[in-house]
Amino acid sequence: MAAWDLSVTVEDLGPDAPPIVISVTSDLHIGRVILDVVQKTQLQRDWSDHALWWEQKQQWLLRTAWTLEKCGIHADAKLVLTPQHKPLQLGLPNGVTVRLCACFSRAVFHTVVEICKVLNIRHPEELSLLRPVEVKKKKKDKDHVQNIYDLTDVSLTSDSIPCLYNGMPVHFTDSPKAEDIYKMLSMCQPSPSPEALAKMYRPASIVDKTHIHTRWLDSSRTLMQQGVQQDDTLWLRFKYNTFYDLEPKYDAVRLTQLYEQARWAILLEDIDCTEEEMMLFGALQYHISKLAQSESQNRVSGIEDLDCALQSLELKLEGDKSGTTDMIVRDTPYFLFRATRPTAFPKRLTLKGYKQYWFKFKDTSISYYKNQEERFGEPIQQLNLKGSDVSPDVNVAGQKFCIKLLIPAPEGMNELYLRCEDEQQYSQWMAACRLGSKGLTLADSSFQREKKSIQSFLSMQRSNSGDQSAQTSENINTFSLLSPRYQKKYKAKQLTPRILDSYQNVARLSMTEAILKFLQIWQALPDFGISYFMVRFKGSRKDEVLGIANNRLIRIDLGVGDVVKTWRYSNMRQWNVNWDIRQVAIEFDGNINMAFGCVTADCKIVHEYIGGYIFMSTRGRDRSDTLNEELFHKLTGGHEVL
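Per an unreviewed UniProt entry, the recorded name for the protein is PH domain-containing protein, and the organism is Denticeps clupeoides. What the UniProt record of the protein gives under Sequence similarities (unreviewed entry) is the line "Belongs to the kindlin family."

S.K.: Which parts of the structure should I look at to understand the sheet that holds strand β12 (residues 233-238)?
M.R.: Strand pairing in a sheet takes place through backbone hydrogen bonds and is either antiparallel or parallel in direction. Strands sit in the order β8-β12-β6-β7-β9 across an open sheet of five strands; the sheet is mixed. The sheet is open, and its two borders are formed by β8 (127-130) and β9 (148-150), each paired with just one other strand. The average angle at which neighbouring strand axes cross in this sheet is 45 degrees, direction not considered. Inspection of the sheet shows β8 paired to β12 by four bridges, in the antiparallel sense. What sits directly across from leucine 129, in β12, is leucine 236.

S.K.: Even after reading the chapter, I still don't get the sheet that holds strand β1 (residues 4-10), so can you show me in this structure?
M.R.: Strand order across the open sheet formed by five strands is β2-β1-β5-β3-β4, with mixed pairing between neighbours. Only two strands of the sheet have a single neighbouring strand rather than two, namely β2 (20-24) and β4 (59-61). Here the strands of the sheet are splayed against their neighbours by 35 degrees on average, with no regard to which way each runs. Bridging between strand β3 (residues 50-54) and β4 involves three bridges; their strand directions are antiparallel. What sits directly across from tryptophan 53, in β4, is tryptophan 60. Across the face of the sheet, helix α1 (residues 30-41) comes into contact with β1, β2, β3, β4 and β5 (79-83) while running at roughly 135 degrees to β2.

S.K.: Looking at this structure, I do not really get the packing of helix α7 (residues 252-267) against helix α8 (residues 275-293). What am I missing?
M.R.: Two quantities define a packed helix pair, namely the angle between the helix axes and the distance between the axes. One way to put it is that α7 packs onto α8 with a least axis distance of 11 Å and a crossing angle of 140 degrees. Taken as axis vectors, α7 and α8 run oblique relative to one another. In this structure, the crossing between α7 and α8 has a hand that is left-handed. On α8, the residues that touch Tyr259, Arg263, Ile266 and Leu267 of α7 are Met278, Phe281, Gln285 and Ile288. When the residues that make up the contact of α7 with α8 are grouped by side-chain class, the tally is six nonpolar, one polar and one charged.

S.K.: I tried to follow the packing of aromatic side chains on my own but got confused; where do I start?
M.R.: Each aromatic ring pair is summarised here by two numbers: the centre-to-centre distance and the angle between the ring planes. Summed over all chains, the structure comprises 22 aromatic pairs. On the basis of an interplanar angle of 85 degrees and a centroid distance of 5.3 Å, the ring pair of tyrosine 240 and tyrosine 613 is categorised as edge-to-face. Of the two residues, tyrosine 240 is situated in the loop between β12 and α7 and tyrosine 613 in helix α16 (residues 603-616); the sequence distance between them amounts to 373 residues. Its relative accessible area of 1% is what places tyrosine 240 among the buried residues.

S.K.: What is the right way to read the side chain of glutamate 125 from this model?
M.R.: Considering the arrangement of structural elements, one finds glutamate 125 in the loop between α3 (108-119) and β8. Within the local environment of glutamate 125, its side chain forms a polar contact with the side chain of histidine 123, the two groups lying 3.0 Å apart. For glutamate 125, the side chain forms a polar contact with the side chain of arginine 619, separated by 2.9 Å. Contacts of glutamate 125, omitting those with residues within four sequence positions, involve Phe109, Tyr240, Phe615, Met616, Arg619 and Leu627.

S.K.: Whenever I open this one, the pattern of salt bridges confuses me. Can you help?
M.R.: A side chain with one charge may pair with a side chain of the opposite charge, provided their charged atoms come close. Scanning all chains against the criterion turns up 30 salt bridges. Across the pair lysine 404 and glutamate 415 runs a salt bridge whose closest N-O atoms are separated by 3.6 Å. With lysine 404 in strand β20 (residues 400-409) and glutamate 415 in strand β21 (residues 412-420), the pair connects residues that are eleven residues apart, well separated along the chain. Given the relative accessible area of 7%, glutamate 415 is considered buried. A network of salt bridges, in which partner residues are shared, links Arg122, Glu125, Glu126, Asp245, Asp251, Arg254 and Arg619.

S.K.: Explain α8 here, please?
M.R.: Counting along an α-helix, one turn takes 3.6 residues, and residues three or four places apart therefore face a common direction. With 19 residues, α8 ought to run about 27 Å at 1.5 Å a step, and its terminal C-alpha atoms sit 27 Å apart, in line with that. Counting buried residues in α8 gives 16 out of 19 residues, a clear majority hidden from the surface.

S.K.: Is there a simple way to think about the environment of phenylalanine 243 in this case?
M.R.: Considering the arrangement of structural elements, one finds phenylalanine 243 in the loop between β12 and α7. Sequence spacing of phenylalanine 243 and leucine 258 is 15 residues, and the spatial spacing of their C-alpha atoms is 9.3 Å. Apart from the residues lying within four places of it in its own chain, the contact partners of phenylalanine 243 are Glu126, Phe238, Arg254, Leu258, Trp522, Gln523 and Phe528.

S.K.: Looking at this structure, I do not really get the pairing of strand β23 (residues 544-548). What am I missing?
M.R.: Both faces of the sheet carry side chains from a regular strand, because those side chains alternate between them. For β23, a buried count of five out of five residues is recorded, marking the element as mostly surrounded by other parts of the structure. Residues Glu544, Leu546 and Ile548 of β23 are buried on one face, and the alternating residues Val545 and Gly547, pointing to the opposite face, are buried as well. Two strands pair when backbone bridges link them, and strand β22 (residues 531-537) and β23 are joined in this way by five bridges, in the antiparallel orientation. Counterpart to methionine 534 in the pairing with β23 is valine 545. Hairpin connection from β22 to β23: six residues lie between these consecutive antiparallel strands, with glycine 539 at a positive phi of about 90 degrees.

S.K.: Is there a simple way to explain the environment of leucine 234 in this structure?
M.R.: As for its placement among the helices and strands, leucine 234 is situated in strand β12. You can call leucine 234 buried: its relative accessible area is 2%. The spatial distance from the C-alpha of leucine 234 to the C-alpha of arginine 131 is 5.1 Å, given a sequence separation of 103 residues. Contacts of leucine 234, omitting those with residues within four sequence positions, involve Leu88, Gln89, Leu90, Gly91, Leu129, Leu130, Arg131, Pro132, Leu217, Leu223 and Val228.

Procedures and definitions
Residues numbered from 1 in each chain as written. Predicted model: local features only at pLDDT ≥ 70, side-chain atom pairs only at ≥ 80, totals over all residues. Heavy atoms only, no water. UniProt positions renumbered as here; feature names shortened; annotations may be inferred. Pairing = 2+ DSSP bridges. Helix = DSSP H or I, 4+ residues; strand = E, 2+ residues; numbered from the N terminus. Axes fitted to C-alpha atoms, helices over the stretch in contact; angles between N-to-C directions. Contact = heavy atoms within 4.5 Å. Parallel < 35°, antiparallel > 145°, perpendicular 65-115°, else oblique. Left-handed = near helix turned anticlockwise from the far one by under 90°. Nonpolar A, V, L, I, M, F, W, Y, C, P; charged D, E, K, R; others polar. Phe/Tyr/Trp six-rings, centres within 6.5 Å; stacked < 30°, edge-to-face > 60°. Buried < 20%, exposed > 50% of the residue type's maximum accessible area, 1.4 Å probe, protein only. Polar contact = N/O pair within 3.5 Å; in protein donor to acceptor, adjacent residues only side chain to side chain. Salt bridge = Lys/Arg side-chain N within 4 Å of Asp/Glu carboxyl O. Expected span 1.5 Å × (residues − 1).

See the structure below:
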């Protein structure tokens, strides 16, 4: 074969160095090309992490046994010999920025796995990288220097489960500096100042929320392929809101970062909550901040408390799941269908629309009757709650105790509201509905535990206005604990007693119990875990919003914000993407089909969200600690992986 010249730029020689020219033939393999280039540099260093980057094709040449001809490389190719691991600045949910070495040559999914191993965050499949929001800096802010904590020298062990020493991974015990960084990662940060909160990006509408999720990186492509360069800044965030297999002995950083992400979602109004819930969130933040600043807080005992709390929350005792226990409540709750047809969700009705029925809970179903005398006959309707969404609609001060149910139907979801008379009745029925949605009956041993948990949550929202001495003894900065909406609505002297009133209900919680309670209330919010995208459905002439949750897709009218239709993943038969016209098509049971194109985001992001949540649902079937990266890419990678 005829020889020809190939130019290769060596990044280690500096930006002004001329490319190295070597004589090659088309049957020369990539490994030999790298060897010839390294020999010509005459630099004595470790080149094992270096690889060739093809600028025109925007791809890495990692298969060193392939020949130049097989790769399609000719004399006009622009190749760069560069390290595969480079420094990257990473913004974490708690506001801390760390600098660490990240892999630029493998898919972002694998890069996140490596990053989470450094930071000691298990289950990295729940997280991903996104580009930060661009905020215009004022002149007085340009002189502000952000603290960046360097972890580029941290060396990892090969253990799948990190070894702990004095409560922290061994790779953070090499130096006092690394230990301090780990404590910063695993401890809650002080409440933000009102000035810092005002500078943060805050979505003003559902349209703004759709723009947030356009910034996620493609998990199937490398950082270099997506234009990320050395020392660029990216954010690491929890992307999929399904938090699996929490083990407090190893998950201190994971829980702290999850709490911080939840806290900022509340403060920046990324998720809506009631005024009563906001005061409770503020009280929990205040309590957690006090404990974090206390020098007497014992870190090891805190982890032990967390272990006990999580075991009590997540342990599922095996019980008889085929029981037929009836639950007949003495005080009959009210019952109302809010949907006129299975696929439609009209605007919120007033209390005048509620109608009283007698109904009972048996197995996993609710049956309702015209009155108590007819309860032994045929019910008006029987509804199976398995697979339903159950969320609270409660205002303790206003004595409003409602249960919102989304029950699967052939063409969408039925929306149903139950209104209970008091806390006791609400906690009983709410616990029954939650178990029914999981396919469990009242005979299951977790029923009483679920009911006590609901009663505990209600007690936190109960007013303690009689304890005036406790309220006047505290001085707090309310503007750092509440979202701007309530800062504008009330004055500080009005907010302080209300937060302190809620604080009396949580003051005895340990640090770990308070964090878990915050996360529990956050996950119970109706809009929790919904990611919004601007789309246009096939056959429609106007833009609409698609909400993607961990178990369903939601079609939302952009004009009035009403939910038009809901589809569950459990009813999904298949979904496809036409990459030529960038359209997503989904087929559900009952020959129901829908298709849409994305308006602002790439349809790959939507496709990845759907496939990612389906991947998350498979984790419980296999208790192995091995992450099935191949399955994740099959479900989320699209045509590029195929």
